[in-house]
Structures are given as structure tokens and as C-alpha cells.
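Observations on the three-dimensional arrangement
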Amino acid sequence: MLRLTEMNTLLGSLLGEKRSHPKKLLFTHLQNVTKLAVKLVANQGIDIDEHLLSAIMLTHDIGKVHPKFQKHLDGVGSGVNHAKPSAWFTFSITEDIWAAEIICRHHTGLRNLADLIADWVNDYSFEKCIKSLLPDWPFVVSSEKFEKLQDKLFDLQYEITIDQWHKVKILYSLLISADRMDAIGINSIPGKGIPPFSQPKLPVRSEIIDNWRKEIKSICINKAKEVNKPGVYTLTLPTGAGKTLTGLSIAYEWAKRFGSKSIIYSLPFISIVEQTASVAKEVFNVENVQEDHSLAYGKDINEDNTDYTKEAIAWSKMSALFRYWREPVVLTTLVHLWDVLFNPKANRAMNYHRLSNSIIILDEPQTISPRLWKGFGKVLSYISQKCNTYFLLMTATQPQIVCEQELAPSNIFFPYNRHQYEIIMEMNKAEIKKININELVHILKYRLPIHERSGLVVVNRKKAAIEAHKALERLNLEAPILLLSGWVTPYRRRIILRYLKWLEKKGIRHYLVATQVVEAGVDLDFDWVFRDLGPIDSIIQVGGRCNRHCNENYEGKVLIAELTDNRGQPTWRNIYDEIMIDKTKEVLKKNSNFSEREAGKIISEYYKKVLEGLASIPIFERLYQGQWGEYTKLIDDEDTNNVTVFIEEDSKLLPMMERLEETVWSLEDRDEQKKLIQKVVQYAIEIPKDMISVCRSFCAQIYTDEEEPVFRPIFEGRAWLLRKEAIKKQGGLYSPLLGFLPPESKSIEESSLFL
């Protein structure tokens, strides 16, 4: 392989005035991408073959010399695929099919080994491709070399290993990152280290609890100091024990001691990413912390503190378009971390190299499907050893994913029992009681201090949440009753969460009806909780909101029953795996009353039964076998039965929607488009497609001075807009208090199980 200086000289003479982008020379682009990739490697401390890295970066876009592509840069024609021709140039100097495949797929995504073999083994265009594009290119792929390549390709299916996947992923992510950076205009990559740790000011609860938390934190950190090698570690602490700050303290101690380059903290829900990011910004200072989720880059910014230099604008585009992790401390979602690991798409794999020499926290990992635990655990163990990465899995309900060492003391309990669990059983039967909404009201009234103390009702379905809210209103509780579900816009959910915190701070009695959005991590506190039947770990997580802030003079109660719809069908169906519910019932029938202290033993029994009954998805084996184009999503968010509806909750939405629809967006302002999209989705909900017709009929009866209907299709029918005239506390299609209100309809009534 040619040395870097020789390659630069060769390319400089052959590429001449050819361009990679409208205003950039191809040779300049190739040089810049190489420099950026080398800097990324240095910043992250990655051990890599720098000659191979440089060869990949310097050849990745050579195919752009094609006359059709050059005309395309001037706005003439549709261009030509440049990736595969570029890949033949890469192969000609490296004779490495994996390096060539990285180039071939740098605008699409990784694919299965079988597809790779079928493509390359039948591509006889190699000689014509190279000679037609750069006739003076000195490296020839001869017929003999191609025959050897064919033999090698057929052997790959027997030689493929997990190491090959990792090597390709690292090089792939470096290329994607450096290529996109230079295209956007980034010239330099700051080499920020792990910032200093500042102890935040904590709320004072009670002397007993505060001292207990300090002691637990000290024990866990001292245990973490005994760790001397990369691995997958767990921190299992009860809800309210100060897990977030303890986890950040451990991550910092490891990062400083082991010379780690990043701290990456992942959580299941955007609401708790935002909540935890505020803590991390206090600990590490705001300029060192990146809050990364689908709504983060659409937030309004402080104009006075904004950096408008060319480099800062380029980095802002990089974040908005690609969610690149640029800061030393990153708060992201479990879904995005999962995508970085497993999603074959080029832009989704971009951050993979950032996992090297890092501390990675997975908070509330029990939200991952048990079918994925075994394979996911194998992947984490492999990466920890291959990348010098330390994983910390933190939760009150620790799933059996993988663990080298638990950092919390065994049998750790609060100084006193904060709440008791009670499963409502059928009379004279060893079965969990099935109840409807009307019976729920009776149970709450006679089994809980509903008129005296604040409470939380968690149900499995959005429509059930609305019905439960209405049922609570009939009790004349004379206190605020709020609702959180997926039918409430993110914009409104933020307002409700702030209001809940204010009510709690002021000591005002209040009630919340919610779906599973409050299960894990949300810092809310109630005196009693009702939970519709779900998996045991979900029940325990919701139980963590009961007397969360440790009123030592009061023991809360967590009540569980099986809620049914108007046809007598359980509301958990089609939400949770039937095996998980069956195993939950098995365990709870034997434990119809248990304390907070007994929850850990019960969860362990449940997990054991679940893993015995569920078939694992072989995600590790798929990687080992070269099935890289296959991808098991962490959450299936592409429900084809749903449609997006934008709710005009304030005057900001309509101008943004009009701009999105009317602007002809170019490549140069795609980041502005994406930021705008992230802003408008804060006003979006998803509803079933079969509701559209009845919603249109309902809104046709609403009077408006506007020519456009109150409920109308937008974005060429891909989404719908609900105008402010249909937003009312009563009699509307959307309520600021309850969210989306499905109109009464026989077809909707028949499908109510799925709402």
C-alpha cells in the first residue's frame, strides 16, 4: 500500500479541478476527510491500522470524477452512483474487500454477507470502471486478482467472525462521520477531555434518609474503585436512593482513572433524558454536556449566548442533521444507543467509534425486551473487551442481561418500608381480580385514602386513561386531576410535568392518571398508586413513585388489579407479551401482599420464569454470521395503522407548518428544515388511521371563519392538522387537559381494545 504522502501526490496530479461538492475540489475533500478521521481516532484513542484508514478516506469519493456527476454539481442531470466505482479504486490499492465494501455502502448501509458476495462476485466492471474514470491510475485489478477475489468471497461465509463486524463498524463510522463533517464545513475537532465533577446541591429530605443515601453512595463508589478492567457492571438500587448521581460519580471516577474519552448516559424516555441532562449539566457544566434525543435540537436557544462563528454553525448543523456526539458527556436515548450498535444505515452507525474508551451508562435497561437480553449481553461483553469500554447498567429492577460485578451492597433497603403492594384477588379464587372502570372507582374509594392524599392511576391504554380520569372527576375530589399519555402532545406533557412538580413542592393534594410514560425514572411522588396489570418489573417501577420521597410517618399502598374494556377483554393484550403476563400472574398469585423489601426477590423469580418461557432473538449470532443488514428494533415505532396529527395548541405551530410546506429546501439548509421538524413534532400525536373519517365528520360540525377545514390533511396527505377551533376542554376533538378525545363511533367502539 502506498504511503500517505505518495497517495496525496498521486491524487493531486490525477484529480485536477474535479469537484466533490459544488464549491469544493474533490482532492481537497479527500484530504480533509482523511485529516478529520485521523483526528477522530486520536481523540477517541482508537487502535487502528492508519494506513488502511487513510486509504479508505482518500479513495472514498474518487467515483465523483465521472462527467455525469460533475454536471450534476452544476445542476445538470441526476448524476451517477459514485460509491461502487470508488470502491474499486479502494480495492485496487488495498486488496481488502471489507475496505471496498465500506466505500460501496457509505451512502446507504451495511448489508448481509450473502448480498455482499452476490454483488461483488458478479461485478466484472472493475477494469472498465477504473480506466474510464482515471486512465492513468497505476493500480490495476487484473483478471487474476479478480479471480482471487471471487475465491476469497466464497470463503468469507466460512471465515466471518464478530471481529470482522467490529472492524468494519469502526472504520465505517469514522468514514461516515468525517465525510459528513467536511461536507458541512467542519474544519477542526476539539479534543475535549472529561470535565471536572461538581457536586450539585441536593434537596434535603430527612436526616435519616440523607445519611443513608450518602452511605450507600460511598459504598458503591468504593466498590467501583475496586474495578480494574473493562466489563459490564450493574448498580441495583431502590427507587429514590440517588442512583443518578451515584452513577455519574462512578462514571467520573472510572473515566479519570482509566483515561476514558467519553461518558455516554442512555435512558429509555425523552422526558427522563431531559430530567437527567439537567443534573449532568449541573455536575459537568452545560458546555460539556450534549442532550441528544429527537426533540433536543429543535429547542429554542438563548440568542445572547449563541456562537455564530462559521465553525459553530457547522457543528450545529452536524448535531441537527446527524445527532453526532461531539461533547465528552452525552445524554441520549436507549433507542439511539441501540441504533448506533445495530442499525445498518450509514448515518445511524456514525457514533459507533465514540463507544471506544468510554464509560457507558444504561439507565432502566429493564425496558429492553427480555427476548433481547441474552444476545445484547453478549454484544456488550464483546465491546467492553474489544473497545476498552466500561458499561454500567442501573435500575431498581435489574434484568438478567449480563453482569461481571454488582456495585451495590446486597439486600439493600430503605431504613423503613415506604410502601406495600396489594394484589386484588377474586373472592374464593386464586385469580387476580378483573375490573372495569366503574369498579375501579369503587375500589379506589374504599381501599385507598383517595380523598385525603395525592394519588397515581396507571393504566395500559390511552382511552382507558381518559375514562379513568372522568371516573376520578365523578368522585368530587376537589383537587387537580391531570393526565399523561401518548395522546397528549410533548409540548403539553412538559407543561403538565412542571405543574405536577409545582403542586408537589407546594404540598397541594393532586392526582395523575397516566399510561406507562411514568414507569421508569420520572421524579414524581404520590401517596398511593393503582396499577393496571402489567409485567412485574413495570409494576415495581410504578411502585417507585409511591412515597418516593420517603415520608417516614406514612406507608404508601400500591394496588394492582386486571382492568378490562367494555367487552371484558384485558387491556394489556397486544401491548405486553402474553408469556410475560402469564409469568406475572404465576408469581403474584403466590405473593398477593408484599413489601418494598420483598420486591427484589419477587422480580428475580419473575425474570427466571420469563427467560425460561421466552425464545431469545439471536442478535449476537446474527452479527457473528454476517447478517449485518438485518436489524431488530428496540421499539417498533413504525405502526402503519397510525397517522400523525399536529395539534394547534399555540400560535407558533401554524407559521412553522406553513414554512415547512411552502419552502423548497436545498441541501445547504437541510439542518434548518430538520430543526423546524423537531419543533413541530412537539405538537404531534399519533392516532389510528381508522379514526380519520369519524374525526373529519366530527370537525365538520365545528363553525370557523377560515376557508380551510378545522381538520385537514397536510404534507401531501402524510399527516393531519387539527386547528385551534377543535381544541376545547369540553366538546372538542382535543382537550388541553385530556389530550385527544376519540369521537364516539361504533367502529371505534369495536376497536377500543387497541386504543
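Note that the structure is predicted; figures quoted are calculated from it, not measured.

A closer look at the overall build of the protein
- The helix and strand inventory of the protein stands at 27 helices and 23 strands.
- Against the 2.2 N^0.38 benchmark of 27 Å for 755 residues, the protein shows a C-alpha radius of gyration of 28 Å, consistent with a compact globule.
- Taking the principal axes of its C-alpha atoms as reference, the protein extends roughly 90 × 70 × 55 Å.
- Across the 755 residues that make up the protein, the buried fraction comes to 57%.

Describing the side chain of Asn417
- For Asn417, the location among the structural elements is in the loop between β9 (405-406) and β10 (419-423).
- At 3.4 Å, the side chain of Asn417 forms a polar contact with the side chain of Gln420.
- A polar contact of 3.1 Å, which involves the side chain of Asn417, links it to the backbone nitrogen of Glu596.
- Not counting the four nearest positions on each side in its chain, Asn417 is found in contact with Glu555, Ser595, Glu596 and Arg597.

Description of the packing of aromatic side chains
- Scanning the model with the defined rule gives 31 aromatic pairs in all.
- When the centroid spacing of 6.3 Å and the interplanar angle of 45 degrees are considered together, the rings of Tyr252 and Phe284 count as tilted. Placement of Tyr252 in helix α12 (residues 243-258) and of Phe284 in helix α13 (residues 270-284) is noted, with a sequence separation of 32 residues between them.
- Judged by its relative accessible area of 22%, Tyr252 is partly exposed.
- The aromatic ring of Trp120 is capped on one face by Lys84, whose charged end is 4.5 Å from the ring centroid.
- The ring centre of Phe414 lies 3.6 Å from the NZ or CZ of Arg418, which sits over that ring.

Observations concerning the side chain of Asp363
- Note that Asp363 resides in strand β7 (residues 358-363).
- Engagement of the side chain of Asp363 in a polar contact is seen with the side chain of Tyr265, the distance being 2.6 Å.
- Contact partners of Asp363, with chain neighbours within four places excluded, come to Lys243, Thr244, Tyr265, Ser266, Leu267, Pro268, Leu334 and Met394.

Let's talk about the packing of helix α6 (residues 97-104) against helix α7 (residues 113-121)
- Relative to each other, α6 and α7 sit at 95 degrees, their axes nearing to 12 Å. The orientation of α6 relative to α7 falls into the category roughly perpendicular. Seen from α6, the contacting residues are Ile97, Trp98, Ala100, Glu101 and Cys104; seen from α7, they are Leu113, Leu116, Asp119 and Trp120.
- Here the contact of α6 with α7 is composed, by residue class, of 7 nonpolar, no polar and 2 charged.

Structural notes on a nonpolar patch on the surface
- A surface patch of nonpolar side chains, about 270 Å² in accessible area, is lined by Tyr499, Trp502 and Ile508.
- Tracing the backbone shows Tyr499 in helix α19 (residues 490-506).

A closer look at the pattern of salt bridges
- Scanning all chains against the criterion turns up 42 salt bridges.
- For Lys84, the salt bridge identified is with Asp119, shortest N-O distance 3.1 Å. Placement of the pair is Lys84 in helix α5 (residues 83-94) and Asp119 in helix α7, with a sequence separation of 35 residues.
- On the basis of relative accessibility, which here comes to 25%, the residue Asp119 falls in the partly exposed class.
- Across the salt bridge formed by Arg573 and Glu578, the nearest N and O atoms sit 3.8 Å from each other.
- Judged by its relative accessible area of 26%, Arg573 is partly exposed.
- Each of Lys84, Glu101, Arg111, Asp119 and Asp123 takes part in salt bridges that share partners, so that together they form one network.

Thoughts on unusual backbone geometry
- One non-glycine residue, Asn388, adopts positive backbone phi at about 55 degrees.
- Within the secondary structure, Asn388 sits in the loop between α16 (373-387) and β8 (390-395).
- Taking the relative accessible area as the measure of exposure, Asn388 reaches 28% and is therefore partly exposed.
- Backbone geometry at Asn547 places phi at a positive 55 degrees, although glycine is not the residue there.
- On the basis of relative accessibility, which here comes to 2%, the residue Asn547 falls in the buried class.

Considering helix α21 (residues 578-590)
- Between its terminal C-alpha atoms α21 stretches 19 Å, which fits the 18 Å expected from 13 residues at 1.5 Å a residue.
- Looking at α21, one finds that the buried residues are Met580, Ile581, Lys583, Thr584, Lys585, Val587 and Leu588.
- The inward-facing, buried residues of α21 abut β10, α20 (536-543), β16 (556-563), β17 (593-595) and α22 (599-613).
- Between a side-chain oxygen at the N-terminus of α21 and the backbone nitrogen of Ile579 the separation is 3.0 Å; the capping residue is Asp577.

A closer look at the confidence of the model for the protein
- Here the protein averages 91 in pLDDT, and 96% of its residues register 70 or above.
- Every residue in residues 746-754 scores below 50 in pLDDT, and together they form 23 contacts with partners more than four places removed in sequence or on other chains.

Observations regarding the sheet that holds strand β18 (residues 642-647)
- Across the sheet, 4 strands lie side by side as β19-β18-β21-β20; this open sheet has mixed pairing. The two strands at the open ends of the sheet, each matched to only one other strand, are β19 (684-688) and β20 (711-714). For this sheet the average axis-to-axis angle between neighbouring strands, irrespective of direction, equals 35 degrees.
- Bridging between β18 and strand β21 (residues 719-722) involves 4 bridges; their strand directions are parallel. Residue pairing for β21: Val645 is matched across the bridge by Trp720.
- In the packing of helix α24 (residues 653-662) onto the sheet, contacts are made with β18, β20 and β21, and the angle to β18 comes to roughly 125 degrees.

Points about the sheet that holds β7
- If you trace the 7 strands from one edge of the open sheet to the other, you get β5-β6-β4-β7-β8-β3-β9, paired in parallel fashion. Each edge of the open sheet is held by one strand with a lone partner, namely β5 (289-291) and β9.
- One ladder, built from 5 bridges, connects β7 with β8; its direction is parallel. In the strand pairing of β8, Asp363 is matched with Met394.
- α12 contacts β3 (231-236), β4 (262-267), β7 and β8 of the sheet and is inclined by roughly 170 degrees relative to β8.
- Packing of helix α15 (residues 334-342) onto the sheet brings it into contact with β4, β6 (329-333) and β7, and relative to β6 it is tilted by some 100 degrees.

Remarks on the pairing of β16
- With 7 of 8 residues buried, β16 is to be regarded as a mostly interior element.
- Sheet analysis places β10 next to β16, joined by 5 bridges and oriented parallel. Looking across to β16, one finds that Gln420 is bridged to Lys557.
- Direction of pairing for strand β11 (residues 434-435) relative to β16: parallel, over a ladder of 2 bridges.

Topic: the state of the cysteines
- Overall, the coordinates contain 0 disulfides when judged by the stated rule.
- Its sulfur unpaired, Cys104 is 11 Å from the next cysteine sulfur, which belongs to Cys129.
- Considering cysteine sulfurs only, Cys546 is the nearest to Cys550, which forms no disulfide, with 11 Å between them.
- Using a relative accessible area of 6% as the deciding quantity, one classes Cys550 as buried.

Conventions used here
Residues numbered from 1 in each chain as written. Predicted model: local features only at pLDDT ≥ 70, side-chain atom pairs only at ≥ 80, totals over all residues. Heavy atoms only, no water. Helix = DSSP H or I, 4+ residues; strand = E, 2+ residues; numbered from the N terminus. Rg over C-alpha atoms; globule rule 2.2 N^0.38 Å. Buried < 20%, exposed > 50% of the residue type's maximum accessible area, 1.4 Å probe, protein only. Polar contact = N/O pair within 3.5 Å; in protein donor to acceptor, adjacent residues only side chain to side chain. Contact = heavy atoms within 4.5 Å. Phe/Tyr/Trp six-rings, centres within 6.5 Å; stacked < 30°, edge-to-face > 60°. Lys NZ or Arg CZ within 6 Å of the ring centre and 35° of its normal. Axes fitted to C-alpha atoms, helices over the stretch in contact; angles between N-to-C directions. Parallel < 35°, antiparallel > 145°, perpendicular 65-115°, else oblique. Nonpolar A, V, L, I, M, F, W, Y, C, P; charged D, E, K, R; others polar. Patch = residues over 30% accessible without salt bridge, like charges linked within 9 Å, V, L, I, M, F, W, Y side chains within 5 Å. Areas by Shrake-Rupley, 256 points an atom, 1.4 Å probe, with all protein chains shown as cover. Salt bridge = Lys/Arg side-chain N within 4 Å of Asp/Glu carboxyl O. Expected span 1.5 Å × (residues − 1). pLDDT = per-residue confidence, 0-100. Pairing = 2+ DSSP bridges. Disulfide = S-S within 2.5 Å.

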